[in-house]
Amino acid sequence: MYKQITFKIKNKLLVFISVLFFIIIYFVSIKRTISAYNEYEKNVERFEIASNAPLVVSQLQTELDEINSKLVFQNSEGDHKSEKLIELITNYCQNSDAILKEFPETEIAQKDDLLIETNKFTLAGDFITLLKFVYLLEQKNRLGKITSVNYLTKKDFKSNRNALTVTIYLQNIKKQNNEK
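Residues numbered from 1 in each chain as written. Predicted model: local features only at pLDDT ≥ 70, side-chain atom pairs only at ≥ 80, totals over all residues. Heavy atoms only, no water.

J.: Please provide a residue-by-residue account of the overall build of the protein chain, values included.
T.: Counting its regular elements, the protein chain contains three helices and five strands. Counting helices and strands in the order they occur from the N terminus, the protein chain gives α-α-β-β-β-α-β-β. The C-alpha atoms of the protein chain give 37 Å as radius of gyration, which overshoots the globular expectation for 180 residues (16 Å, by more than 25%). In terms of overall dimensions, the protein chain has a C-alpha envelope of 120 × 50 × 30 Å along the principal axes. Burial analysis of the protein chain (180 residues in total) assigns 19% to the buried set. At a minimum sequence separation of 6, the contacts of the protein chain that also span at least 24 residues come to 58%. Carbon and sulfur atoms provide 59% of the accessible area of the protein chain, an area that totals close to 14300 Å². (Helix = DSSP H or I, 4+ residues; strand = E, 2+ residues; numbered from the N terminus. Rg over C-alpha atoms; globule rule 2.2 N^0.38 Å. Buried < 20%, exposed > 50% of the residue type's maximum accessible area, 1.4 Å probe, protein only. Contact = heavy atoms within 4.5 Å. Areas by Shrake-Rupley, 256 points an atom, 1.4 Å probe, with all protein chains shown as cover.)

Below, the structure is given as structure tokens:
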């Protein structure tokens, strides 16, 4: 029977059996080897991350300690920042041509164990005077972080002239002590 089969059919049969043989070999051994190698690569990456973890944790702890020390320093300066701010504004207005237009009540927002106090106030005057005041707040008296400065010209109906105003947002962050 084997002798009756032509070479053409024998070659096709040989190709089919060899393809079937390679498929079986792939699913039995090569596929598992490839998946084991991929798992090995993932484990190597995890090991590198895990070996750097103590260094990353110490860096994060250092940053957290710095932030906490800044918050403690800010809290130790006293809770009368709005009073100091009013005093600074009135002294500046008396010594220059600036006019205090608005000073609403301090807004307090709480996020987790932090209190964010926002003071918003508006001054009127010429540009140089207002710019000097912003510089004074930002560089010299540091009563908080200036988060926004908005210059705006408004029509003053009493004098029928345009008046330049600046609205300043000043924020302070305080850490609450939630000891039980």
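J.: How would you sum up the side chain of Asn-119? Please name residues and give values.
T.: In this fold, Asn-119 is placed in strand β3 (residues 114–124). On the basis of relative accessibility, which here comes to 2%, the residue Asn-119 falls in the buried class. In this structure the side chain of Asn-119 is engaged in a polar contact, spanning 2.6 Å, whose partner is the side chain of Thr-106. (Polar contact = N/O pair within 3.5 Å; in protein donor to acceptor, adjacent residues only side chain to side chain.)

J.: I'd like to hear about the confidence of the model for the protein chain, residue by residue, with values.
T.: On average, residues of the protein chain score 85 in pLDDT, and 91% of them are at 70 or above. For the protein chain, per-element mean pLDDT is lowest for strand β2 (residues 107–111), which scores 85, and highest for helix α3 (residues 127–141), which scores 90. (pLDDT = per-residue confidence, 0-100.)

J.: I'd like to hear about the nonpolar core, residue by residue, with values.
T.: With 19 residues, the main nonpolar core has Leu-85, Ile-89, Phe-121, Leu-123, Phe-133, Leu-137 and Ile-168 as its most contacted residues. Sorting the residues of this core by element identifies α2 (81–95), β3, α3 and β5 (161–175) as the ones contributing at least two each. Every residue in contact with Phe-121, bar those within four places of it in the chain, is listed here: Leu-85, Ile-89, Leu-100, Glu-102, Phe-103, Phe-133, Leu-137, Val-166, Thr-167 and Ile-168. (Core = buried A, V, L, I, M, F, W, Y, C linked by side-chain atoms within 4.5 Å.)

J.: Would you mind going over the layout of surface pockets in detail, with residue names and values included?
T.: Remark: the empty space left among the atoms is shown by a probe the size of a water molecule rolled over them. One number sums up the size of the second largest pocket: a volume of about 200 Å³. If you trace the second largest pocket, you find it lined by Asp-97, Ile-99, Lys-101, Ala-124, Gly-125, Asp-156, Ser-159, Arg-161, Asn-162, Ala-163 and Leu-164. Of all the secondary-structure elements, those providing two or more residues to the lining of the second largest pocket are β1 (99–102) and β5. Take the lining of the second largest pocket: its biggest share by element is four residues, from β5. (1 Å grid on protein atoms, 1.4 Å probe; cavity = no way out; pocket = protein on both sides within 12 Å on 5 of 7 lines; lining within 4 Å. Points joined across faces, edges and corners; volume = space filled by probe spheres on them.)

J.: Tell me what's going on with α3, and back it up with residues and numbers.
T.: If you check α3, its first and last C-alpha atoms are 20 Å apart, about what 15 residues at 1.5 Å a residue would give, namely 21 Å. Of all the bends in α3, the greatest measures close to 25° and is centred on Tyr-135. Residues of α3 that are buried: Thr-129, Leu-130, Phe-133, Val-134, Leu-136 and Leu-137. Packed against the buried residues of α3 are α2, β3, β4 (145–156) and β5. Arg-142 lies just past α3 and shows a positive phi near 25°. (Expected span 1.5 Å × (residues − 1). Bend = angle between axes of the 7 residues up to and from the residue.)

J.: Describe the pairing of β4, and please don't skip the residues or the numbers.
T.: One ladder, built from 11 bridges, connects β4 with β5; its direction is antiparallel. In the sheet register, Lys-155 faces β5, and the bridge partner there is Asn-162. (Pairing = 2+ DSSP bridges.)

J.: Report on a nonpolar patch on the surface, specifying residues and quantitative values.
T.: Residues Val-15, Val-19, Ile-23, Tyr-26, Phe-27, Ile-30 and Ile-34 make up a contiguous nonpolar surface patch of about 620 Å² in total accessible area. Looking at where Ile-30 falls in the secondary structure, it is placed in helix α1 (residues 7–76). (Patch = residues over 30% accessible without salt bridge, like charges linked within 9 Å, V, L, I, M, F, W, Y side chains within 5 Å. Salt bridge = Lys/Arg side-chain N within 4 Å of Asp/Glu carboxyl O.)

J.: Give me α2: which residues, what numbers.
T.: An ideal rise of 1.5 Å per residue puts 21 Å on 15 residues; α2 measures up with 21 Å between its terminal C-alpha atoms. All of the buried residues in α2 are Lys-81, Leu-85, Leu-88, Ile-89, Tyr-92 and Cys-93. Within α2, the buried residues cover an arc of 125° as seen down the axis, which keeps them to one side. Along α2, the residues that are exposed and aim more than 90 degrees away from the buried face are Glu-83, Gln-94 and Asn-95. (Arc of directions from axis to C-beta.)

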